[in-house]
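Analysis of the macromolecular model
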Amino acid sequence: MLTSVKKAAYIIEAFASNQRDWSLIELSLHLDMPQPTIHHFLASFKELGWITQDRASKRYNLGVKLWEIGCAAINFREVTESARSHLASLVNESGETAHLGMISMEDPKSVIYVDRVDSQQPVRIVTTIGSRAPSHSSAMGKAILAFNDVLREQVLRGPLEQVTRFTITDPELLAADLQQTRVRGYSIGRGEFAGEMVGVAAPVYDHSGKAIYGVGIWAQATRMTPDDLVVKAPAVVAAAQKISRSLGYIGTGL
């Protein structure tokens, strides 16, 4: 028995086939679904802007919203493909697992890990691609927030979740920490997200100059001492700058 989600997916996928416009009867026959069921879904899709209907012929076509979603998926894949070689180089230079993350405008309080290149270190943080972390508690999230005024403003409104005993939950203290990040060009997370781990991350800019991505590495505090940061932080910043260039960012300072 088809679930509602599967029915909706089959209807949308029909418009990606060789036939790009459909009548209600045609869709019903093609998908072997009752016309009232299909009409119900199409009405909802029209409200969302996913589907349009020609007033004269009454035939249905894909709407601009789905086109925008498709473009976003293509752009997202291009980002990860552009970044991967630079992540691998960062792993070789730093000896630590490198991550690529992003913060969306829809959910500024979460950083999403979108790619990862593993090191050979026996003890390391291994994030699942697609997993999330509170943006204010991770070095990755703080690197992006520090250089994105819109996202930062939303997060600083609070409340800020206490992830570990080291997490900064006072908006004023977090604002000061992000200011330090802007001055030095990279963020530092000292056990704010994961126990005894220390992270360092830098912002990545897209072609429009927006910092919505970040590159970071994490290590046990014994492998990320102040002396280690002197060597590893510049490598993280350099990797972020290279990825920014590959995404079409031509701002000054890179």
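These numbers were taken from a predicted model, which means no experiment stands behind them.

Further remarks concern the packing of helix H1 (residues 4-14) against helix H3 (residues 35-48). Packed helix pairs are characterised by how far apart their axes lie and by the angle those axes make with each other. Running from N to C, H1 and H3 point in directions that differ by 75°, and their axes come no closer than 11 Å. Here H3 runs roughly perpendicular to H1, going by the angle between their axes. For the pair formed by H1 and H3, the contact residues are Ser 4, Lys 7, Ala 8, Ile 11 and Ile 12 on the first element and Thr 37, Ile 38, Phe 41, Leu 42 and Phe 45 on the second. Residues belonging to the contact of H1 with H3 are distributed by class as follows: 7 nonpolar, 2 polar and 1 charged.

Enumeration according to the criterion identifies 4 aromatic pairs in this entry. Ring centres 5.6 Å apart and planes at 25° place the aromatic pair Phe 45 and Trp 50 in the stacked group. When its relative accessible area of 5% is taken as the criterion, Phe 45 is described as buried. Against the face of Tyr 186 rests Arg 184, its NZ or CZ located 5.5 Å from the ring centre.

Moving on: the sheet that holds strand S3 (residues 98-102). Taking strand neighbours across the sheet as the criterion, the 6 strands line up as S5-S4-S3-S8-S7-S6 in an open arrangement whose pairing is antiparallel. Edge positions in the sheet fall to strand S5 (132-134) and strand S6 (187-190), since each of these pairs with one other strand and no more. On average, adjacent strands in this sheet sit at an angle of 30° to one another, irrespective of strand direction. For S6 and strand S7 (residues 197-205), the ladder comprises 4 bridges, and the chain directions are antiparallel. Bridge pairing links Gly 189 to Gly 199 in S7.

The next point concerns the environment of Asp 32. Tracing the sequence through the fold places Asp 32 in the loop between helix H2 (24-31) and H3. Taking the C-alpha atoms as reference points, Asp 32 and Thr 52, 20 residues apart in sequence, are found 22 Å from one another.

A separate point is the pattern of salt bridges. A complete count under the given rule lists 11 salt bridges for this structure. The residue Asp 115 makes a salt bridge to Arg 84 at a minimum N-O spacing of 2.6 Å. In this pair, Asp 115 sits in strand S4 (residues 110-117) while Arg 84 sits in helix H4 (residues 64-94), placing the two residues 31 residues apart along the sequence. Of the residues examined, Asp 115 reaches a relative accessible area of 6% and is grouped as buried. A salt bridge links Glu 192 to Lys 142; the nearest nitrogen and oxygen atoms lie 2.9 Å apart. Placement of the pair is Glu 192 in the loop between S6 and S7 and Lys 142 in helix H5 (residues 139-146), with a sequence separation of 50 residues. Linked by salt bridges that have partners in common, Asp 21, Glu 26 and Arg 59 make up one network.

Next up on the list: H3. Three or four residues apart is the spacing at which side chains of an α-helix point the same way, because the helix has 3.6 residues per turn. Between its first and last C-alpha, H3 extends 20 Å over 14 residues, near the 20 Å set by a 1.5 Å rise per residue. What H3 keeps buried is the set Ile 38, Phe 41, Leu 42 and Phe 45. The buried residues of H3 occupy one face: seen down the axis, they fall within an arc of 100°. In H3, those exposed residues whose orientation departs by more than 90 degrees from the buried face are Pro 36, His 40 and Glu 47. The inward-facing, buried residues of H3 abut H1, H2, strand S1 (51-53) and strand S2 (60-62). Note on H3: the residue one or two positions beyond its end, Gly 49, has a positive phi of about 85°.

What counts, and at which threshold
- Residues numbered from 1 in each chain as written.
- Predicted model: local features only at pLDDT ≥ 70, side-chain atom pairs only at ≥ 80, totals over all residues.
- Heavy atoms only, no water.
- Axes fitted to C-alpha atoms, helices over the stretch in contact; angles between N-to-C directions.
- Helix = DSSP H or I, 4+ residues; strand = E, 2+ residues; numbered from the N terminus.
- Parallel < 35°, antiparallel > 145°, perpendicular 65-115°, else oblique.
- Contact = heavy atoms within 4.5 Å.
- Nonpolar A, V, L, I, M, F, W, Y, C, P; charged D, E, K, R; others polar.
- Phe/Tyr/Trp six-rings, centres within 6.5 Å; stacked < 30°, edge-to-face > 60°.
- Buried < 20%, exposed > 50% of the residue type's maximum accessible area, 1.4 Å probe, protein only.
- Lys NZ or Arg CZ within 6 Å of the ring centre and 35° of its normal.
- Pairing = 2+ DSSP bridges.
- Salt bridge = Lys/Arg side-chain N within 4 Å of Asp/Glu carboxyl O.
- Expected span 1.5 Å × (residues − 1).
- Arc of directions from axis to C-beta.

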